[in-house]
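Here are the chains, one letter per residue:
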Amino acid sequence: MAATTLSSISTSSDAVRAALHDAVDRLDDILRPMVAYHFGWCDEHGRAVETNGGKSVRSRLVLLAAQAVGGDARCAVPGAVAVELVHNFSLVHDDLIDRDSTRRHRPTVWAVWGDAAAVLAGDAMLSLAHEVLLDSGTPQAIPAAKLVETATRELIRGQAADIDFEHRDDVTLAECFRMVTGKTAALLAASAAVGAVLAGAPATTVDAMRRYGHQVGMAFQLVDDLLGIWGEPAVTGKPVFSDLRSRKKSLPVVWTLESRGSAGHALAHWLSRPDTPGESELRAAAELIDRGGGRRWTRTEARRRIALAEQALATVPMDPDRHRELTDLAKFIVERSA
C-alpha cells in the first residue's frame, strides 16, 4: 500500500483557517498573542512566522464528514473551528501537566509565558470553541455544540485517568482503552458526527460517522503510543523514548506487562525503579516491549481499528470519492510518522 501523504488529506480549507484567525482575534491583547503563538502564526514577540501548525486532522474530518453525507463543507466550518480549538486547548494544558517544554520544535506556551498564562490561554480557546459554533446561528448548531461539549467532558475524563495511571502500578489494558476512549477518541468521534449533524444528516448516519471517528481515534492513540517510544525526534519534535522517560503507562507498555512473559516481568521491574533512566536503560526497556510483542500488537490493533472504521463507513451511502477521502484519512493515521 502506498504511503498516504499528509498534504493530501490534512490541510484544512482556507475558510477554516480564516475563521480560526477570526475567532482568535476576539481575544484580548494579552491572550491573543499566546494563542496565535501556539498555533504557529507568530513568534513569542508577535512577529508573523511560517511554522508547522499541526496536522489539523479533526477539523479536516468535520469537513470530510459533512461532504460525505451530501452536505456543503462550508456549513461545517464553524464545527471544524470548534473542534480545532478544543483540541488545542487540550494540547496547551497537556504540555503544562506533562511539563513538556517543546511542541513542534518550539517552546510550549507555559515554557514561554508561565503556568498561569498557559491555563488561561487554554481556557480561552475552550470558551471560543462553543462561542464560534453557537454564533453560526443554524438550527444544527445546538446539537453540534452538545456533541462538542460531551466530547470535551470525555476528553477531560480521559486526561484525568491518564494522570491517575502515573501513580499506579496495576493499570490494566481495559482501563487504558477506556482512558483512550475519552482522551483521544471522543473528540475524533465528535468531529465526524458534528460534520454530519451540520450537514443535516439523519440520526443513523450521524451515528455511523461517530463510530467511524471513534475507531479512527483509537487507532490514532495506538500509533501515537508507538511514536512515543520509537518515533524519530527530528520528526516528532520529542526526545527518543519520550514516553519511557516518564514511565508512561501507554498501550504497548501495558499490553507487554499483561502478557506475563519474561519480557513483561522484566519491564515491570524496570518501571518500579525510582532512579532516572539513562539512554541505555531506555533503549533496553524499548527492546523489552519489542521482544515481548507489545510493538507488534499495537501496530496490529491500530490496523484492526481502521478496519472497523471502514466497516462503519460502509453503512453510509456516499460518493466514492468522498469514501476514498475518509479511508485515506484513516490510513494516514496508521502510517504517519509524527
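Residues numbered from 1 in each chain as written. Predicted model: local features only at pLDDT ≥ 70, side-chain atom pairs only at ≥ 80, totals over all residues. Heavy atoms only, no water.

*Asks:* I tried to follow the overall build of the protein on my own but got confused; where do I start?
*Replies:* Counting its regular elements, the protein contains 17 helices and two strands. In terms of C-alpha radius of gyration, the protein reaches 20 Å, essentially the compact-globule figure of 20 Å for 338 residues. Across its three principal directions, the C-alpha atoms of the protein cover 60 × 50 × 35 Å. If you take every contact in the protein between residues at least 6 apart in sequence, the share linking residues at least 24 apart comes to 73%. With the model as given, the accessible surface of the protein reaches about 15000 Å², and the carbon-plus-sulfur share is 53%. Of the side-chain charges in the protein, 39 are positive and 44 negative, and the distance between the mean point of each set is 5 Å. (Helix = DSSP H or I, 4+ residues; strand = E, 2+ residues; numbered from the N terminus. Rg over C-alpha atoms; globule rule 2.2 N^0.38 Å. Contact = heavy atoms within 4.5 Å. Areas by Shrake-Rupley, 256 points an atom, 1.4 Å probe, with all protein chains shown as cover. Lys, Arg positive; Asp, Glu negative; His and termini not counted. Charge placed at Lys NZ, Arg CZ, Asp CG, Glu CD.)

*Asks:* Can you walk me through the pattern of salt bridges in this structure?
*Replies:* A side chain of one charge can pair with a side chain of the opposite charge when the charged atoms of the two come close. Evaluated as defined, the whole model comprises 24 salt bridges. The residue Arg 168 makes a salt bridge to Asp 170 at a minimum N-O spacing of 2.9 Å. Looking at Arg 168, the relative accessible area reads 21%, which means it is partly exposed. Of the charged contacts, one joins Arg 273 and Asp 275 as a salt bridge, the two residues approaching to 2.8 Å between their closest N and O atoms. Taking the relative accessible area as the measure of exposure, Asp 275 reaches 31% and is therefore partly exposed. (Salt bridge = Lys/Arg side-chain N within 4 Å of Asp/Glu carboxyl O. Buried < 20%, exposed > 50% of the residue type's maximum accessible area, 1.4 Å probe, protein only.)

*Asks:* Is there a simple way to think about the confidence of the model for the protein in this case?
*Replies:* Close inspection of predicted coordinates is inappropriate for parts of the model with low pLDDT. Residues with a pLDDT of 70 or more make up 96% of the protein, whose mean pLDDT is 92. In the model, residues 1-12 has pLDDT below 50 throughout and makes 25 contacts with residues more than four positions away in sequence or in other chains. (pLDDT = per-residue confidence, 0-100.)

*Asks:* I keep staring at the side chain of Thr 256 and nothing clicks. Help me out?
*Replies:* Mapped onto the elements of the fold, Thr 256 is located in helix H13 (residues 251-258). A relative accessible area of 0% places Thr 256 in the buried class. When neighbours within four sequence positions are excluded, Thr 256 is seen to be in contact with Ala 263, Gly 264, Leu 267, Leu 288, Ile 289, Gly 292 and Gly 294.

*Asks:* In this structure, what is going on with the packing of aromatic side chains? I would like to understand it.
*Replies:* Aromatic ring pairs: the centre-centre distance and the angle between the two ring planes describe each pair. Counted according to the given criterion, the structure contains four aromatic pairs. Measuring from centroid to centroid gives 5.0 Å for Phe 39 and Trp 41, while their planes differ by 15 degrees, and the two rings are stacked. Pairwise contacts between aromatic rings join Phe 177, Trp 255 and Trp 297 into one cluster. Across the ring face of Trp 110, the terminal group of Arg 99 is positioned such that the distance to the ring centre comes to 4.0 Å. Over the aromatic face of Trp 270 sits the side chain of Arg 247, whose NZ or CZ is 4.8 Å from the ring centroid. (Phe/Tyr/Trp six-rings, centres within 6.5 Å; stacked < 30°, edge-to-face > 60°. Lys NZ or Arg CZ within 6 Å of the ring centre and 35° of its normal.)

*Asks:* I tried to follow empty space enclosed by the protein on my own but got confused; where do I start?
*Replies:* Over the atoms, a rolling probe the size of a water molecule traces out where space has been left empty. This model, assessed by the stated rule, comprises two cavities of 30 Å³ or more. Looking at the largest cavity, its volume works out to about 90 Å³. If you list the elements that add at least two residues to the lining of the largest cavity, you get helix H3 (31-39) and strand E2 (106-107). Of the residues belonging to the lining of the largest cavity, the class tally is three nonpolar, five polar and three charged. Roughly 60 Å³ of internal volume is contained in the second largest cavity. Residue lining of the second largest cavity: Asp 162, Cys 176, Met 179, Val 180, Lys 183, Gln 221, Asp 225, Lys 248, Lys 249, Ser 250 and Leu 251, and that is the complete set. Looking at the lining of the second largest cavity, the elements with two or more residues in it are helix H9 (173-198) and helix H10 (203-230). Of the residues belonging to the lining of the second largest cavity, the class tally is four nonpolar, two polar and five charged. (1 Å grid on protein atoms, 1.4 Å probe; cavity = no way out; pocket = protein on both sides within 12 Å on 5 of 7 lines; lining within 4 Å. Points joined across faces, edges and corners; volume = space filled by probe spheres on them. Nonpolar A, V, L, I, M, F, W, Y, C, P; charged D, E, K, R; others polar.)

*Asks:* Could you clarify how one ought to interpret the packing of helix H7 (residues 115-135) against helix H8 (residues 141-165) in this entry?
*Replies:* The packing of two helices is summarised by the inter-axis angle and the distance between the axes. H8 packs onto H7 with a crossing angle of 160 degrees between their chain directions and a minimal axis gap of 9 Å. In terms of their interaxial angle, H7 and H8 are classed as roughly antiparallel. Classified by chirality, the crossing of H8 by H7 is right-handed. On the side of H7, the interface is formed by Leu 126, His 130, Leu 133 and Leu 134, while H8 contributes Ala 141, Ile 142, Ala 144, Ala 145, Val 148, Glu 149 and Thr 152. When the residues that make up the contact of H7 with H8 are grouped by side-chain class, the tally is eight nonpolar, two polar and one charged. (Axes fitted to C-alpha atoms, helices over the stretch in contact; angles between N-to-C directions. Parallel < 35°, antiparallel > 145°, perpendicular 65-115°, else oblique. Left-handed = near helix turned anticlockwise from the far one by under 90°.)

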